[in-house]
Number of protein chains: 2
Amino acid sequence: MPTSVKIFDTTLRDGTQGEGISLSVEDKIKIARKLDELGVHYIEGGWPGSNSKDIEFFERARSMTFKNAKITAFGSTRRKDSLASDDINLNRLVESGASVATIFGKSWDFHVTTAIQTTLEENLNMIYDSVLFLKKSGMEVIYDAEHFFDGYKNNPEYALQTIRKAQDAGADWIVLCDTNGGSLPGEVSEIVSIVTKSVTTPVGIHAHNDCELGVANSLAAVQAGARQVQGTINGYGERCGNANLSSIIPNLQLKLHYEVISVEELQTLTSVSRYISEIANMHMPVNQPYVGNAAFAHKGGIHVSAILKDASTYEHTKPELVGNKQRVLVSELAGQSNVLVKAQELNLDFNKEHQKTKEIIEKIKEMEHQGYQFEGADATLELLLREAFEGLEEIFTLESFKMLVEKSANQAVVSEAIVKVKVHGETIYTAAEGNGPVNALDNALRKALIQYYPDIKNIHLSDYKVRVLDEKGATAGKVRVLMETTDFKSTWNTLGVSSNIIEASWYALVDSLRYALISRQRVEPVNKDQQERLGLVNH
Amino acid sequence: MPTSVKIFDTTLRDGTQGEGISLSVEDKIKIARKLDELGVHYIEGGWPGSNSKDIEFFERARSMTFKNAKITAFGSTRRKDSLASDDINLNRLVESGASVATIFGKSWDFHVTTAIQTTLEENLNMIYDSVLFLKKSGMEVIYDAEHFFDGYKNNPEYALQTIRKAQDAGADWIVLCDTNGGSLPGEVSEIVSIVTKSVTTPVGIHAHNDCELGVANSLAAVQAGARQVQGTINGYGERCGNANLSSIIPNLQLKLHYEVISVEELQTLTSVSRYISEIANMHMPVNQPYVGNAAFAHKGGIHVSAILKDASTYEHTKPELVGNKQRVLVSELAGQSNVLVKAQELNLDFNKEHQKTKEIIEKIKEMEHQGYQFEGADATLELLLREAFEGLEEIFTLESFKMLVEKSANQAVVSEAIVKVKVHGETIYTAAEGNGPVNALDNALRKALIQYYPDIKNIHLSDYKVRVLDEKGATAGKVRVLMETTDFKSTWNTLGVSSNIIEASWYALVDSLRYALISRQRVEPVNKDQQERLGLVNH
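These numbers were taken from a predicted model, which means no experiment stands behind them. (Residues numbered from 1 in each chain as written. Chains lettered and ligands numbered in written order. Predicted model: local features only at pLDDT ≥ 70, side-chain atom pairs only at ≥ 80, totals over all residues.)

So, the overall build of chain A: which residues are in play, and what are the values?
Secondary structure assignment for chain A yields 19 helices and 16 strands. Expressed along its principal axes, the backbone C-alpha trace of chain A runs to roughly 85 × 60 × 45 Å. (Helix = DSSP H or I, 4+ residues; strand = E, 2+ residues; numbered from the N terminus.)

Rendered as structure tokens:
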């Protein structure tokens, strides 16, 4: 029987300490759902004692059902010279409604005297009292021993005393943190071995990547007896980031044969990692191990001819095991499995031998080459496929649009859009202002369509994301716009790519409304008579 | 006496196999000079047998003087069933004029029979003949044992035979390659230990990063007896890249105390890594260990207050040792201590009791409330603080701008900007087109300023990020624009927030140029006479 290792994800807490990352409550909810699908065992949602956004997350998470994961709230040991029961921070953990509390305390004597400025004795009491308080409140308690490795190197006896205090108070896990990320695998291995012999409580590892050893240190700890790994998807986190779960999970499972998540869950790793990078609006490096777009890409001529003979000649593992795929850069032989899956969902006659199928695959490949990425834009992909296979009614066609933004010193900026579209044979020429250029375009297009489709007033853009694709050209480069639209019953995502942000937004906007109007048949067109009756005709 | 380890850089050869990397001969020459400054011992310049660009590199390198590095040319063992002396590829190595040849050969029996399709015996002869031929030509010979670890795991006896053949023929180094990047540190350590006992020739390591273990595997090999490390700056290379020398060098020197490069050379590590990322036109991740812009950046309030007491509380090493520096990010998660640190960096009289200090703190808080986030926008924060404390010259003021985007069916989208600004008392009214609206604004503003500040032509936007802040309002919500600007010596970041993406971009753009023109005093204004002489006046 393989040994089991638990995954503790802190993307939503430690991950948000990374430069450039800022997640809304809605973003956090979406990410938590994905993490649960991936099969992680703990999801650390935030620090309810530190800000109201995190309190709101726990409120919303309480009413959600998770298949695999337990939700955990983060905090610290009580303040010095006070009672745990009076500590606001500890009480917030209980009030959060999470079943698990993760609290950190000091292991390094230097930190006790320098950072929190108290006695070594009082720090031990702070650990004991805090864990005990949370255990008495009925929570599972994970004790994060901050700076454990630095502390152990400085004063091993004291570092061990701190975690024994957590054990005595009933902690369910003791997690050794390499907070500054400066430890090496050999040290981690040696110290974890000693700790697992010194305590009976299960031990975990929390590593950072400051020496580019976050993954190696996590593996070394597991091989020395740790049974929980804390980290973040894509290695997000302060400074150089936390240990990267997107690499740790497959390394543990495929290379070291621990039992971590299921075979099917592991196959979602690539899409989950990419989804989270989209939500966090962080650029995913193409060369990211296992899940990057180039992780199984072959460029060199010798390599390519060898992998055509046998893929294992230049691949350390099968990309499909982590949901990624082989790409051959010279001849673009990339698989179209995601397109295939979508076509099956839609019951389309997707046969690779048919001309129609070949054409749409070519078109999608070309669009991907231009910067489209259909992973987060199901609605745009559905429209493309249904158009190719079924033909779709052309609800409206663009004749032209103009978009004007004007600003004078000390005056508010003004955005106007003028739209000329043909709807059911009629040319409609209209204009609108907006709070920003995309809002103005959206308003003008709706104004043109509402006469025929009055129900579009119930449809709203609910999110808008912009990604600059070409890191070289900056504003002269390409832009990908991802839009989320909702009718409050469901939401759909659409995509536009252009070197011009306004044009990219227009494409995404057009698909957002087309999807509502055609594809889902949710909004029925009304005829001229009905328009008169409803008072919808522009005079 | 510390043990010495030699660094073999293959950025110019294996590094260029990375997706998105393409270097001209001139780029390669520039990079080679920088690598020499850094103190690496071998610079692999290319594969003269594979393309004419690499032949040209070696021609040019022959007439250059290097302080530290030997130039090495790359190739493979002779073709099967032929003579080494007839092999074009091997002859090209000799003709390259490089003093060192690095050739790879097969260690894995499966590769011998599957990829090159010959006998195990002939492969041994290919290795022996090729090394002998190059040694007889008077070159230092590094033998790269491709797939050594996979080969050893499959057939240890044969793998050892291959490298003994290289030794018998006189190879100066035997380098064990983890070509597919699938090995783990424990395996690497064990196999390198066995090899160093089996051969008398010095041993090296060549690792890849497919399991995010390239750095760890290189360190494990050195600790097991390897004395040469092959890798690339910033870890460039095929798939997930080669082992990253930008992390390996400081880890070996600062953490494991090997003798690698000098103390002064190590202090150039950050600037060399960033320089090479510029030349290679690759975006450098902010969280890159040791050399990234966020490698020593602190965001959390608790961390910031602790590092003010003692930097070693949250820093694993001194950033100055690798030429990097500490940064304190200002954000919602931090108290005012971050602003204080920034003010200290700038030598401002920041006293919390003074009215001026209270006012600027209030202003920054209000801006944060409006959606500004100064982490990652050092230049905008510096301008704000210096303006409040020192007063800054008003280089130009906006009178108005207009931005127009126009699209007709089946025609390309057009973006134009009209800008009216006052510069040194003169009103300049000008217009420009652009590849997208922000590029048009940038072009128009530069056109207005270039008469006074001709050097701004050397400054360009290098990155542009957009984030929608209000999850509910979507396009009706606020937008934060982050811009990165570079003059190729340094890089600075500016910020703009507005409900209008064009206005937000304008603010970031204005700060980007103001920072160049005022704050850094890098670009000197020219007067009317000089303008005439330089032909800069618009007629």
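Having seen it, we continue.
Account for the packing of helix α8 (residues 185–198) of chain B against helix α9 (residues 214–223) of chain B, with residues named and values stated.
Relative placement of two packed helices is described by the angle separating their axes and the distance separating the axes. Residue and element names in this part refer to chain B. Axis separation between α8 and α9 bottoms out at 8 Å; the angle between their running directions is 30 degrees. Taken together, the axis directions place α8 and α9 in an arrangement best described as roughly parallel. Both α8 and α9 take part in a crossing whose hand is right-handed. Residue-level contacts link Pro185, Val188, Ser189 and Val192 of α8 to Ala216, Asn217, Ala220, Ala221 and Gln223 of α9. In the contact of α8 with α9, the residues fall into six nonpolar, three polar and no charged. (Axes fitted to C-alpha atoms, helices over the stretch in contact; angles between N-to-C directions. Parallel < 35°, antiparallel > 145°, perpendicular 65-115°, else oblique. Left-handed = near helix turned anticlockwise from the far one by under 90°. Contact = placed C-beta atoms within 7 Å. Nonpolar A, V, L, I, M, F, W, Y, C, P; charged D, E, K, R; others polar.)

Describe the interface of chain A and chain B, listing the residues and the values that go with them.
Taken together, the contact pairs 90 residues of chain A with 92 residues of chain B. Take the side of chain A that touches chain B: its biggest share by element is eleven residues, from strand β11 (residues 396–408) of chain A. When grouped by side-chain class, the residues that make up the side of chain A that touches chain B number 36 nonpolar, 33 polar and 21 charged. Across nine bridges, β11 of chain A lies against strand β11 (residues 396–408) of chain B in antiparallel orientation. Counted as the bridge partner of Val405 of chain A is Met403 of chain B from β11 of chain B. (Pairing = 2+ DSSP bridges.)

Residues and numbers for the UniProt feature "domain: Pyruvate carboxyltransferase" (unreviewed entry) in chain A, please.
In this structure's numbering, the residues bearing the UniProt feature "domain: Pyruvate carboxyltransferase" (unreviewed entry) are residues 5–267 of chain A. The straight-line gap between the two end C-alpha atoms of residues 5–267 of chain A is 18 Å; of that span, 44% is helix and 17% is strand. (UniProt positions renumbered as here; feature names shortened; annotations may be inferred.)

Which residues make up the sheet that holds strand β4 (residues 100–106) of chain A, and what are the values?
Residue and element names in this part refer to chain A. Overall, parallel pairing links the eight strands, which are arranged β1-β2-β3-β4-β5-β6-β7-β8 in a closed barrel. The sheet shows a mean angle of 25 degrees between the axes of neighbouring strands, taken without regard to direction. Bridging between β4 and strand β5 (residues 140–146) involves seven bridges; their strand directions are parallel. If you follow Lys106 over to β5, its bridge partner there is Glu146. This element, helix α9 (residues 214–223), spans β6 (173–178), β7 (203–207) and β8 (228–231) of the sheet and lies at about 170 degrees to β7.

Got a sec to walk through the environment of Ser82 of chain A? Specific residues and values, please.
Inspection of the secondary structure assignment puts Ser82 of chain A in the loop between β3 (70–76) and α3 (88–95). On the basis of neighbour count, Ser82 of chain A is assigned to the exposed category, with 11 C-beta atoms found within 10 Å. (Buried ≥ 20, exposed ≤ 12 C-beta atoms within 10 Å, placed from the backbone.)

Outline the domain arrangement of chain A, listing residues and values.
All names here are of chain A. As assigned here, chain A comprises domain 1 (6–279), domain 2 (296–335) and domain 3 (396–534). Between the C-alpha centres of domain 1 and domain 2 there is a distance of 36 Å. Every element with two or more residues in the side of domain 1 that touches domain 2 is listed here: α10 (245–255) and α12 (269–279). With three residues, the top contributor of residues to the side of domain 1 that touches domain 2 is α12. Here the side of domain 1 that touches domain 2 is composed, by residue class, of four nonpolar, four polar and no charged. (Domains from an automatic or database assignment.)

Can you tell me about the sheet that holds strand β13 (residues 426–434) of chain B, naming the residues and giving the values?
Backbone-to-backbone hydrogen bonds pair the strands of a sheet. The strands run either parallel or antiparallel. Strand order in the open sheet formed by six strands is β13(A)-β12(A)-β11(A)-β11(B)-β12(B)-β13(B), with antiparallel pairing between adjacent strands. Each having just a single partner strand, β13 (426–434) of chain A together with β13 of chain B make up the two edges of the open sheet. Geometrically, the sheet is characterised by an average inter-axis angle of 10 degrees between neighbouring strands, direction not taken into account. Bridging between strand β12 (residues 414–423) of chain A and β13 of chain A involves nine bridges; their strand directions are antiparallel. Looking across to β13 of chain A, one finds that Val423 of chain A is bridged to Glu426 of chain A. Strand contacts of helix α17 (residues 437–449) of chain A: β11, β12 and β13 of chain A, with the helix running at about 145 degrees to β13 of chain A, the strand carrying the most contacts. Sitting on the sheet, helix α17 (residues 437–449) of chain B touches β11, β12 (414–423) and β13 of chain B, and the angle it makes with β13 of chain B is about 145 degrees.

Can you lay out the pairing of β5 of chain A for me, pointing to particular residues and giving the numbers?
Residues and elements named next belong to chain A. Of all seven residues making up β5, six are buried, and the element is well covered by its neighbours. Pairing analysis gives four bridges linking β5 to β6, with the strands arranged parallel. Bridge pairing in β6 links Ile142 to Trp173.

Account for the nonpolar core, with residues named and values stated.
Among the nonpolar cores identified, the biggest contains 191 residues, and Tyr143 and Leu176 of chain A together with Tyr143 and Leu176 of chain B are the most heavily contacted of them. Look past the residues within four positions of Tyr143 of chain A in its chain and what remains in contact with it is Ile103, Gly105, Val131, Ala166, Ala171, Trp173, Ile174 and Val175 of chain A. Judged by nonpolar contacts, the second largest core, of 103 residues, contains Phe401 of chain A together with Ala343, Met483 and Trp492 of chain B. (Core = buried A, V, L, I, M, F, W, Y, C linked by C-beta atoms within 7 Å.)

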